[in-house]
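What follows is each chain in one-letter form.
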Amino acid sequence: MAHYDSKGQGMSLVLRILLFLSFAVGGIGLFLRAVWTANVTASGIDPLSAGFGLLSALSALAMAPMKADNRSPGAVDNASGVGVLLGLAEAVGGDPKCLPGVEVLFVATGAEEVGLQGAFAFLKRHAEELSARRVCVLNFDGPGVAGQVYASSKTGLRPRSPCLLRLIREAGVAEGVRVRSPAFVIGAMADHFPFAGAGIEAVTLASFGRDSLTIHTPRDTPDRLNAEMMGRAGRIALGVMAKVEKGAS
């Protein structure tokens, strides 16, 4: 699976991350100071609490004008994912008997950038047939930049899909790649969310490097893409398919 839509957000990824962290630190700090000062004083203004509150408020105000636009070409996010998907479809489709124990379905979703609507719609439409068999969802989101390879199964802080993650790591080792699992979900949301929430094994495979910082900006152009990284993502996926096929036969 890979989403084929893109969007711009009016500010760089680095700035968005910094503003979000400032907002979170200010909010958490304000809460902790409120709990603490409630036990030590009954009146007056606590300067540290005021500082945390101001930090959170200013960060929220800075993010408020941010609006989605169409100024991002979307090469990394997510033409690279669609490219891997098409390459896999060509590789597997050229030999329909190469994975006799597995039915492989290729899905390109729309509206991922506006609440994962394509993934939710697909899951809703095919819920009955998906629930009748074992399903593994491998989602590609931004796998086309030089850098570290990541596999994320989380929705928030909760880890999911340990079996599929293990197969991905093993396929990565065979490819000579260490596949890491981030402490937090990759980005705000990813198309594996709806499936993981429905109890289906689902993982997003991505890469992250310097050029990842261009996503959702006009600088997310084709010259940022790394063909070798896209090839690695595809070969890892083929390795996972082979492992699933052996387990199914």
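Our subject is the structure that appears above.
Here the structure is a predicted model, which is why all the values come from computation and not from measurement.

Caption draft 1: The arrangement of the overall build of the protein chain in detail. Counting secondary structure elements, the protein chain contains eight helices and six strands. Moving toward the C terminus, one meets the helices and strands of the protein chain in the order β-α-α-α-β-α-α-β-β-α-β-α-β-α. Its C-alpha atoms give the protein chain principal-axis dimensions of roughly 75 × 40 × 35 Å. Taking all 249 residues of the protein chain together, 41% fall into the buried category. Restricting the contact set of the protein chain to residue pairs at least 6 apart, pairs at least 24 apart contribute 84%. By element, 63% of the accessible surface of the protein chain is carried by carbon and sulfur atoms, the whole surface being about 13,500 Å². In the protein chain, 24 positive and 21 negative side-chain charges are present, and the distance between their average locations comes to 6 Å.

Caption draft 2: Region of the structure containing the side chain of Asp-191. In this structure, Asp-191 sits in the loop between strand S5 (179-180) and helix H7 (193-197). For the buried Asp-191, which has no salt bridge, the nearest side chain bearing the opposite charge is Lys-7, at an N-O separation of 12 Å. Polar side-chain contacts of Asp-191 include one of 2.6 Å to the side chain of Thr-109. Apart from residues lying up to four places away in sequence, Asp-191 is in contact with Met-1, His-3, Thr-109, Glu-112, Leu-116, Ala-119 and Asn-139.

Caption draft 3: Focus on helix H2 (residues 47-63). A rise of 1.5 Å per residue sets the reference length of H2, with its 17 residues, at 24 Å; its end C-alpha atoms lie 25 Å apart and thus fit the reference within 8%. Of the positions making up H2, those classed as buried are Ser-49, Ser-56 and Ser-59. Projection of H2 onto a plane perpendicular to its axis shows the buried side chains occupying an angular sector of 100 degrees, all on one side. Pointing more than 90 degrees away from the buried face of H2 are the exposed residues Pro-47, Leu-54 and Leu-61.

Caption draft 4: Region of the structure containing the state of the cysteines. Enumeration over the complete set of coordinates arrives at zero disulfides. Of all cysteine sulfurs, the one in Cys-163 lies closest to Cys-136, which takes part in no disulfide; the gap is 8.5 Å. Under the relative-accessibility criterion, Cys-163 is labelled partly exposed at 40%.

Caption draft 5: Local environment of the pairing of strand S3 (residues 136-140). Most of S3 sits out of view: four of its five residues are buried. Here S3 pairs with strand S6 (residues 201-208) via five bridges, running parallel. In the sheet register, Asn-139 faces S6, and the bridge partner there is Thr-204.

Caption draft 6: Up close: empty space enclosed by the protein. Under the criterion given, the structure shown has one cavity of 30 Å³ or more. Those elements that place two or more of their residues in the lining of the largest cavity are S6 and helix H8 (227-248). Looking at the lining of the largest cavity, the element that brings in the most residues is H8, giving four residues. Residue classes in the lining of the largest cavity are distributed as seven nonpolar, one polar and one charged.

Caption draft 7: Expanded view of helix H6 (residues 162-174). An ideal rise of 1.5 Å per residue puts 18 Å on 13 residues; H6 measures up with 19 Å between its terminal C-alpha atoms. Buried within H6 are the following residues: Leu-164, Leu-165, Leu-167, Ile-168, Ala-171 and Gly-172. In an axial view of H6, the angular spread of the buried residues amounts to 160 degrees, which keeps them on one side of the axis. Counted as exposed and oriented over 90 degrees from the buried face of H6: Pro-162, Val-173 and Ala-174.

The rules behind the values
- Residues numbered from 1 in each chain as written.
- Predicted model: local features only at pLDDT ≥ 70, side-chain atom pairs only at ≥ 80, totals over all residues.
- Heavy atoms only, no water.
- Helix = DSSP H or I, 4+ residues; strand = E, 2+ residues; numbered from the N terminus.
- Buried < 20%, exposed > 50% of the residue type's maximum accessible area, 1.4 Å probe, protein only.
- Contact = heavy atoms within 4.5 Å.
- Areas by Shrake-Rupley, 256 points an atom, 1.4 Å probe, with all protein chains shown as cover.
- Lys, Arg positive; Asp, Glu negative; His and termini not counted.
- Charge placed at Lys NZ, Arg CZ, Asp CG, Glu CD.
- Salt bridge = Lys/Arg side-chain N within 4 Å of Asp/Glu carboxyl O.
- Polar contact = N/O pair within 3.5 Å; in protein donor to acceptor, adjacent residues only side chain to side chain.
- Expected span 1.5 Å × (residues − 1).
- Arc of directions from axis to C-beta.
- Disulfide = S-S within 2.5 Å.
- Pairing = 2+ DSSP bridges.
- 1 Å grid on protein atoms, 1.4 Å probe; cavity = no way out; pocket = protein on both sides within 12 Å on 5 of 7 lines; lining within 4 Å.
- Points joined across faces, edges and corners; volume = space filled by probe spheres on them.
- Nonpolar A, V, L, I, M, F, W, Y, C, P; charged D, E, K, R; others polar.

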